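# Overview (structure and organization)
Listed here are the chains, written in short residue letters.
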Amino acid sequence: MANLSPFEIQARPNRLLMQAASCMLFVICMGLYMQTSVRRHHENPEDRVVPSLTQLAAGIHASVLEPAEEDDYIPADNASKWERFKHSMIVKDTISSGRRFLISLALLIPAVVLALHIGLYPWFGAFFMRFVLFFDKIVALSLLPILFIVFGIEEWSKIALIVIGVAPTMILDVTQMVKAVPQEQIVKAFTLDANNFDVAYRVVSRQIMPQVINSLRLNLKPMMLFLFAGEMIAASDGLAYRIAIMRRHMGMDVILPYVLWVALLLFLIDFSLRTLNRRMHPWFQA
Amino acid sequence: MVSGVMTPELHVASASAVEVANGARALTAAATAIRVDDVSMTYTVGRKGKRTVLQNISLEIEEGECVVLLGETGCGKSTLLRMLLGQEPPTSGSITVAGKPVERVDSRSGYVPQRYSLFPDRTVLENLCMGPETSKAHIFGRLMPGFRAFRKTVRAEAMRQLEHMGLHASDAAKYPHQLSGGMQQRVAIAQALMMKSRVLLMDEAFSALDPATRASLQRLLRSVWSETKPTIVFVTHNTAEALFLGTRVIVLRRESREDSCGSRVALDMKLPAAGMSLHRNGKEFLDLVEYIESFSRGDHQKVSSDGDDRDGSAFEAETTTVFPLDGETL
């Protein structure tokens, strides 16, 4: 007989029970939502705060198949679903948010290379380390007004916010990883006639790569956070912009699908990075 | 026997005496591989404190010698090895390896550390090929047309070296974490040998292994040494290992525990080239272990006077028969 007490450390529940237990909170949340929705609609059939399933379906339909309000695009009457989807609100927002996200991701690559040098070359360390430590303590969002003034309220201020917010942490993290590479490895590489570039790019960077990817996975959330902050304050498109706009007229039927869509996107990026990491670095012992 | 405590002048004097005695043969055979000239090492501790680790060390190691550095924990034997590598510059004095002064770590000497001796992100074969490939073509040289053919010959050589070290061809595709500690050290020795450098520096290379593996690796290292006669400097704290591997034992010892007092060479002694073991030499081996360890503990005066009281003459006689080279014992 399986021990069902939740406060038993040595309990050995079987697989099925474990799976069931892990789904439990999802089921409870959905049940509570449905119940609230039904009750509120009973009182007021036009309720928009907790949309019913039909309202949600309409909201999803609107965001996936219809263009954004501010767009002039009017689909032809015989336009296919794919044609409508391509010009829909959610695709437009995802592309503009994704573009900012990917550009800032690309700008993190030089940051990682810089960190590799800071950790490895004493002169780089002396030159940059103290400044990065100082810069890391500046709250990136407090720089936002300055960024708006310097870069304008267009794309680059948002991208700069993400990079300034995440890069110093990332640099410090990667520097620590570089310093944690055993000295023996570096000495050994030099006795194998490696030059400085061999040691940096063919010994150390290869060894820390899986950790760098893991660090990036942890930093996805802060990146998204800075992106959303930037978009909510000043943007004319993007996922967070839409959520902020919809709040003005209680468009919960669009907000909820958007929130879940962003969560799904983040999960997919994280999952693909994790899979990539495992495939590329079979030697890595977590 | 008493001349075990060495002073630099005495060493140089006796070395030249040997050269003169053996004539031209000695002059060609005794090319100096490593010369340590009056080296001291002082670390700064805290704000004002200073700690001297090594003090006025002078050594001359000939080509083809297998020198074992012995001493208690913290006596600076690993520091001395790091200085030979070029990893740390000495506070004063100079070090010459293979005819040139040591300024930075380079490919003059091979290196086998106790841990982290292999690159974890490369397979065994890639680890072995890394030295020659890097040395021939750094980053962009890999794009040159001749590189593929070169890589092929290096791979063949690596496979030969691998089998020579007692590993199977099927191990070549494994990553280091899939090998046992002993296997890893075998690969590490092979990796260093691939560079064909004439000096091999080993820092407690077998200390993390279980006794059986350790013994087999000691035999392996001995056979490697007797085949190509590289100059080996081997740091260990195990006297039995020292006697089995070495042709010369150097004991470092700190005279007092004060920070200003660094370790000096307490004993510098040649051993028969065949290597000694308890199995082969029995009682003499045990006596010699006791003798050497008395130097590293620093109570050798007491032991030798005890020996004189009881069976000192027997001990002396024994050691002279064991050591046909006793005249050269420094």
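Residues numbered from 1 in each chain as written. Chains lettered and ligands numbered in written order. Predicted model: local features only at pLDDT ≥ 70, side-chain atom pairs only at ≥ 80, totals over all residues.

### Notes on the overall build of chain B
The condition is simple: The way it works is that DSSP assigns letters per residue, a run of H or I at least four long becomes a helix, a run of E at least two long becomes a strand, and they are numbered from the N terminus. C-beta atoms are placed from the backbone for every residue, and two residues are taken to be in contact when these atoms lie within 7 Å.
Within chain B, the secondary structure is distributed over 11 helices and 10 strands. Sequence-distant contacts, at least 24 apart, represent 71% of the contacts inside chain B between residues at least 6 apart.

### Focus: the environment of Arg148 of chain B
Residue and element names in this part refer to chain B. Going by this rule: Three exposure classes are used, based on other C-beta atoms lying within 10 Å of a residue's own C-beta, which is placed from the backbone: buried for 20 or more, exposed for 12 or fewer, and partly exposed in between.
Along the chain, Arg148 falls in helix H5 (residues 147-164). A residue is classified by how many C-beta atoms lie within 10 Å of it, and Arg148, with 9 of them, is exposed. Taking C-alpha positions, Arg148 is 55 Å from Cys261, a pair spaced 113 residues apart along the chain.

### Observations concerning the packing of helix H7 (residues 155-180) of chain A against helix H9 (residues 196-233) of chain A
All names here are of chain A. Selection criterion: Fitted lines through C-alpha atoms give the axes, limited to the stretch in contact for helices. The angle between two N-to-C directions lies from 0 to 180 degrees. The cut-offs work like this: below 35 degrees is roughly parallel, past 145 is roughly antiparallel, 65 to 115 is roughly perpendicular, and the gaps in between are oblique. Each crossing gets its hand from how the near helix is turned against the far one by less than a right angle, where anticlockwise is left-handed and clockwise is right-handed. The classification used treats Ala, Val, Leu, Ile, Met, Phe, Trp, Tyr, Cys and Pro as nonpolar, Asp, Glu, Lys and Arg as charged, and all other residues, Gly among them, as polar.
For the pair H7 and H9, the least separation of the axes is 9 Å and the interaxial angle reads 150 degrees. On the basis of their axis angle, the class for H7 and H9 is roughly antiparallel. Here H7 and H9 pass one another in a crossing that is right-handed. For the pair H7 and H9, the contacting residues are Ser157, Lys158, Leu161, Ile162, Gly165, Val166, Thr169, Met170, Asp173, Val174, Met177 and Val178 in the first and Val204, Ile208, Gln211, Val212, Ser215, Asn219, Pro222, Met223, Phe226, Leu227, Gly230 and Glu231 in the second. Here the residues of the contact of H7 with H9 sort into 14 nonpolar, seven polar and three charged.

### Remarks on the interface of chain A and chain B
It is common to report an interface's size as the accessible area lost on association of the parts. Contacts between chain A and chain B engage 20 residues on the former and 24 residues on the latter. Secondary-structure elements contributing two or more residues to the side of chain A that touches chain B are helix H8 (183-191) and H9 of chain A. Tallying contributions element by element places H9 of chain A first for the side of chain A that touches chain B, with seven residues. Residue classes in the side of chain A that touches chain B are distributed as nine nonpolar, five polar and six charged.

### Some thoughts on H9 of chain A
Heads up, the condition is: Expected helix span is taken as 1.5 Å per residue step, with the number of steps being one fewer than the number of residues. The term bend refers to the angle at a residue between two fitted axes, each drawn through seven residues, those ending there and those starting there.
If you check H9 of chain A, its first and last C-alpha atoms are just 46 Å apart, much less than what 38 residues at 1.5 Å a residue would give, namely 56 Å. Helix geometry: H9 of chain A is bent most strongly at Ser205 of chain A, by close to 50 degrees.

### Some details on unusual backbone geometry
Positive phi is not limited to glycine here, since Asp193 of chain A has a value of about 65 degrees. Structurally, the position occupied by Asp193 of chain A is in the loop between H8 and H9. Looking at Asp193 of chain A, the number of C-beta atoms within 10 Å reads 20, which means it is buried. One non-glycine residue, Asp38 of chain B, lies in positive phi territory at about 50 degrees. Here Asp38 of chain B is to be found in strand S1 (residues 32-45).

### Quick look at the confidence of the model for chain A
What counts here: Note on scores: pLDDT gives the predictor's confidence for each residue, bounded by 0 and 100.
Mean pLDDT over chain A works out to 91, with 99% of the residues at or above the 70 mark. For chain A, the element scoring lowest by mean pLDDT is helix H3 (residues 81-86) of chain A, at 86; helix H5 (residues 122-136) of chain A scores highest, at 95.

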